[in-house]
Amino acid sequence: MSYNCYSIHITVLAKDGEAMVLTIDFESDEAIYIQLRNQIIIGIAADRIREGDSLPSVRQLAENIGINMHTVNKAYSVLKQEGFIRLDRRKGAVIALDVDKIRAVEELRQELAVILARSICKRVSRQEVHDLVDEIYDYYAGKCRE
């Protein structure tokens, strides 16, 4: 683990022995359970966590990060609700992508509406948004093909 004033970078071993790096910023305005959720989603998109991989138990992850188990449980519950994991009594939290493209596109539309409105208020140009979207999409699409 490496520490700095505001965040903690944690390498966690999933149940299958694979390393998963999480970055949690304890000084962020963003709730820790949301940061955990986002880090796991990014791990899936970057192909560091794959369909069928087991995540650490709630207790194990909470201990590794040094947070309350309820925080990890909330992150896992949100991930389940959003179709990224399933909870199995024997295996715990397992990556299981619910591919409902229509729902995914509508969720993306709602999230992008707010992000784009904020960007417009900050005078970010259409071209800058397009360039950024292309850059991020290419990064994750490339990771999934490696």
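On a predicted model such as this, the values are computed, not experimentally measured, just so you know.

Caption draft 1: Structural detail: the nonpolar core. Of all hydrophobic cores here, the largest spans 20 residues; its most connected members are L36, I40, L55 and Y76. Taken together, the elements giving at least two residues each to this core come down to β3 (19–25), α1 (32–45), α2 (58–65), α3 (69–81) and β5 (92–95). In this structure L36 touches L22, I24, L61, I65, I67, V72 and A75, once residues within four positions along its chain are discounted.

Caption draft 2: Region of the structure containing α3. The end-to-end C-alpha separation of α3 is 18 Å, in line with the 18 Å expected for 13 residues at 1.5 Å each. Those residues of α3 not exposed but buried are V72, A75, Y76, V78 and L79. Along α3, the residues classed as buried sweep out an arc of 160° about the axis, all on the same side. Seen from the open side of α3, the exposed residues pointing more than 90 degrees away from its buried face are H70 and Q81. In this fold, the buried residues of α3 make contact with α1, α2, β4 (85–88) and β5. N-cap assignment for α3: the residue whose side-chain oxygen lies 2.7 Å from the backbone N of H70 is N68.

Caption draft 3: Region of interest: the packing of α2 against α3. Put simply, α2 and α3 touch, their axes get as near as 8 Å, and they point 120° apart. As the angle between them shows, α2 and α3 are arranged oblique. Crossing of α2 over α3 shows right-handed handedness. Of the residues in α3, those touching α2 at V58, R59, L61 and A62 are M69, V72, N73 and Y76. When the residues that make up the contact of α2 with α3 are grouped by side-chain class, the tally is six nonpolar, one polar and one charged.

Caption draft 4: Inspection of the pattern of salt bridges at higher detail. Evaluated as defined, the whole model comprises six salt bridges. With its nearest N and O atoms 2.8 Å apart, the salt bridge here joins E82 to R37. Here the residue E82 occupies a position in the loop between α3 and β4, and R37 occupies one in helix α1, the gap between them amounting to 45 residues. Under the relative-accessibility criterion, E82 is labelled partly exposed at 23%. We note a salt bridge from E107 to R103, for which the minimum N-O separation is 3.4 Å. Of this pair, E107 and R103 both sit in helix α4 (residues 101–121), four residues apart, which is roughly one turn of that helix. Beyond isolated ion pairs, a larger network of salt bridges with shared partners links D98, R103 and E107.

Caption draft 5: Spatial organisation of the environment of D98. Within the element layout of this structure, D98 appears in the loop between β5 and α4. In contact with D98, other than residues within four places in its own chain, are G83 and R103. A polar contact of 3.5 Å, which involves the side chain of D98, links it to the side chain of R103.

Rules used in this analysis
- Residues numbered from 1 in each chain as written.
- Predicted model: local features only at pLDDT ≥ 70, side-chain atom pairs only at ≥ 80, totals over all residues.
- Heavy atoms only, no water.
- Core = buried A, V, L, I, M, F, W, Y, C linked by side-chain atoms within 4.5 Å.
- Buried < 20%, exposed > 50% of the residue type's maximum accessible area, 1.4 Å probe, protein only.
- Helix = DSSP H or I, 4+ residues; strand = E, 2+ residues; numbered from the N terminus.
- Contact = heavy atoms within 4.5 Å.
- Expected span 1.5 Å × (residues − 1).
- Arc of directions from axis to C-beta.
- Polar contact = N/O pair within 3.5 Å; in protein donor to acceptor, adjacent residues only side chain to side chain.
- Axes fitted to C-alpha atoms, helices over the stretch in contact; angles between N-to-C directions.
- Parallel < 35°, antiparallel > 145°, perpendicular 65-115°, else oblique.
- Left-handed = near helix turned anticlockwise from the far one by under 90°.
- Nonpolar A, V, L, I, M, F, W, Y, C, P; charged D, E, K, R; others polar.
- Salt bridge = Lys/Arg side-chain N within 4 Å of Asp/Glu carboxyl O.

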